[in-house]
Amino acid sequence: MIWLQLRNELWKMFGKKRTYIGFGMFLLAQVCILFLLRYLHGPRREMAHRLELLGYAPEQFMSGLTMAGATLIPMAFFLLPLYAALVGGDLLAKESEEGTLRMILARPISRLRLVWVKWLAGVLFAFLLVLVLGLSGAAVACSLFPSGGLFALIPQEGIFSVFGAETGWEKYAVATFILGGKAVTIMGLALMFSCFNIKPAAATILALSFLLISDIIRQIPYFHDLQHWFITYHTDYWLRVFIDPTPWPDIAASVCILLGFNATILIVGCVGFQMRDIKS
Amino acid sequence: MIELRHVTKKFGAGLAVDDVSLTVPPGEIFGLLGHNGAGKSTAIGMMLGQVWPTAGEVKLRGYDVTQNRRDALQAVGAIFEAPVFYNELSARRNLDILSAYTARTPARRIDEVIDWVGLTGRAQDKVRTYSHGMRARLALAQALLPQPELLILDEPGDGLDPEGIHEMRQTILRLRRELGLTILLSSHLLAEVELVCTQIAVMSRGRKVFQGSLAEARPAADWVRLRTQNFAESTRVLRAAQLITAERDGSHVRPAPEIPTDQIVACLVAGGQRVFEITREEPTLESFYLDLMKK
């Protein structure tokens, strides 16, 4: 039954036009960024200059792979949280707002099962979103730039690395895949708020605010030593794949913390949803 | 079929339902009446396990809804005031989705229900193309899918045109006749309740103020509408013959106990009065309801 209910949740999710906005906007933004990188001289000159300073030949690393990575990072910072939170915030609050939740809960399904099935649907959506993000970025970038190695420049995380083409693609694939963990966490946070008696937009805004506040505090230099206490430090664990050598124990620690955080918000959401009254 | 025992629901400091006990026997069409905010929807919410009672016990089909939701709601269908669905999906897919919250439902059963409510041929259309009446039929279809023994209808006539209301009434009667369902109907439409229900309960400000059969709600007529050549002279004649005990509004008389209307007519004709009309005034559910609300 759970698979049938999960399939139904996916039907509902992908039956809505707004679900596709995220995919469409990702593609549009990627095309815009990559066209600007391809046809404006300034950004490419800046990138070549940095590579030369490090002693690398720019033509080897000004590749489709580097450009795909360069588009993946801003997307993961700005657009991905927005769409993951939008979908998570809609999952229960939208049903409550539109009145379909009363119809569902007139049936013998338990509230816990309903939250669980919706969370699973949200997880699948989150992974699909990052998969499309990674694949479309790579496809568009490779059609505009030559093949070559990966130059990863993420100043805010202190990452400045170069890899050969094969290792670079591996890193890109792994980073894209585990970026799903960030999307799941944001979606789960919005779903948790959505379990309470609030509007879908409020659930989305609360989730985004929580993440922004965490990130703002983390970015204040005085809090640098405490950054492990902020959830956004752990949601950005996927960036550390681009560090050479990759700090796998550090990444594994963040994954464990995210698993705990996700379990906690899911339980809080379940308890909130179980306790509330569902009224028209 | 439905049993509420000393049920109370508070929202913050406000008392929405106050110590209500209610029993709906199997096979009845039971009307739940009350003004806006009387607590009807909250009571229905508690019956369906959507609203947690502050105190008391709610049982459906013999099972406690809060303790054993699965068994209590297994054979229950419900329709709410505004039929809402997943508009971007077809009616058929909506039924697929909603039925899966009860149990795996064979495609044949879904087709059967679509046919029963008269939506064959439109089942693959998106719900956003449906009229209000068609949505009402789809709402009925989703409620019938789990082969219910009990149907809870919360203001199903809201927003329907006169044809829609007529259709709804015929459908409710058909549901009991053909499927033998117990039906709880919460409605503002007193005339509709009067036409379909066998028993009623009236709620006011969170309390149950009446429960009984329609016959109990409409006691035997004790006023007679009388139209004669001269009402004042007619009543004088009837009083002299001790056939009436009261008169009102220049048009109504109250016959003395055990006095039939033909005796009144005979007396008036003998007294030289021409009688144009004489009718026993049947009290309506509306008048009964309004009297209750005044109390």
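Each value, and the rule that gives it
Residues numbered from 1 in each chain as written. Chains lettered and ligands numbered in written order. Predicted model: local features only at pLDDT ≥ 70, side-chain atom pairs only at ≥ 80, totals over all residues. Helix = DSSP H or I, 4+ residues; strand = E, 2+ residues; numbered from the N terminus. Rg over C-alpha atoms; globule rule 2.2 N^0.38 Å. Contact = placed C-beta atoms within 7 Å. Pairing = 2+ DSSP bridges. Expected span 1.5 Å × (residues − 1). Buried ≥ 20, exposed ≤ 12 C-beta atoms within 10 Å, placed from the backbone. Axes fitted to C-alpha atoms, helices over the stretch in contact; angles between N-to-C directions. Nonpolar A, V, L, I, M, F, W, Y, C, P; charged D, E, K, R; others polar.

Caption draft 1: Expanded view of the overall build of chain B. Helices and strands together make up the secondary structure of chain B, namely 11 helices and 14 strands. Expected size for 295 residues packed as a compact globule is a radius of gyration near 19 Å; at 24 Å, chain B overshoots this value by more than 25%. In terms of its C-alpha atoms, chain B occupies a principal-axis envelope of roughly 75 × 45 × 30 Å. At a minimum sequence separation of 6, the contacts of chain B that also span at least 24 residues come to 68%.

Caption draft 2: Quick look at the sheet that holds strand 5 (residues 63-64) of chain B. All names here are of chain B. One open sheet holds the 4 strands; their spatial order is 2-1-4-5, and the pairing between them is antiparallel. Bordering the open sheet on either side are strand 2 (14-24) and strand 5, each of which pairs with just one other strand. Relative to strand 2, strand 1 (residues 2-11) runs antiparallel, the two being bridged by 7 bridges. When the sheet's bridge partners are listed, leucine 4 is paired in strand 2 with leucine 22.

Caption draft 3: Summary view of the pairing of strand 11 (residues 224-228) of chain B. Residues and elements named next belong to chain B. Here strand 11 runs beside strand 13 (residues 252-255); their pairing, made up of 2 bridges, is antiparallel. Within the sheet, the bridge partner assigned to valine 224 lies in strand 13 and is valine 253. In this structure, strand 11 lies alongside strand 14 (residues 275-280), joined through 5 bridges in antiparallel fashion. Bridging across to strand 14, valine 224 finds its partner in arginine 280.

Caption draft 4: Expanded view of helix 5 (residues 132-144) of chain B. When the terminal C-alpha atoms of helix 5 of chain B are compared, their 18 Å separation across 13 residues agrees well with the 18 Å that a helix rising 1.5 Å per residue should span. Within helix 5 of chain B, burial applies to Ala136, Arg137, Leu138, Ala139, Leu140, Ala141, Gln142, Ala143 and Leu144 of chain B. On its buried side, helix 5 of chain B packs onto helix 6 (100-104) of chain A together with strand 6 (76-79), helix 3 (91-99), helix 4 (107-116), strand 7 (150-154) and helix 6 (162-179) of chain B.

Caption draft 5: Looking closely at the environment of leucine 98 of chain B. Turning to its location among the elements, leucine 98 of chain B is positioned in helix 3. Look at leucine 98 of chain B and you get buried, because 25 C-beta atoms sit within 10 Å. In contact with leucine 98 of chain B, other than residues within four places in its own chain, are Met103 of chain A together with Gln142 and Leu145 of chain B.

Caption draft 6: Spatial organisation of the pairing of strand 2 (residues 159-163) of chain A. Residues and elements named next belong to chain A. Pairing between strand 1 (residues 150-154) and strand 2: 5 bridges, direction antiparallel. Pairing of alanine 152 across the sheet is with serine 161, part of strand 2. Connecting strand 1 to the antiparallel partner strand 2 that follows it, the hairpin turn spans 4 residues, and glycine 158 within it adopts a positive phi of roughly 70 degrees.

Caption draft 7: Region of interest: the sheet that holds strand 3 (residues 29-34) of chain B. All names here are of chain B. Strands sit in the order 6-7-8-3-9-10 across an open sheet of 6 strands; the sheet is mixed. Looking along the sheet, the strands with just one partner apiece sit at the ends: strand 6 and strand 10 (207-213). Going from strand to strand, the sheet's axes swing by 15 degrees on average, the running direction of each strand aside. Relative to strand 8 (residues 182-186), strand 7 runs parallel, the two being bridged by 5 bridges.

Caption draft 8: Geometry of the interface of chain B and chain A. Counting residues at the interface gives 27 residues for chain B, matched by 24 residues for chain A. At the level of secondary structure, the elements contributing two or more residues to the side of chain B that touches chain A comprise helix 1 (40-47), helix 2 (69-73) and helix 3 of chain B. Ranked by residue count, the leading element in the side of chain B that touches chain A is helix 3 of chain B, at 4 residues. The class makeup of the residues in the side of chain B that touches chain A is 15 nonpolar, 6 polar and 6 charged.

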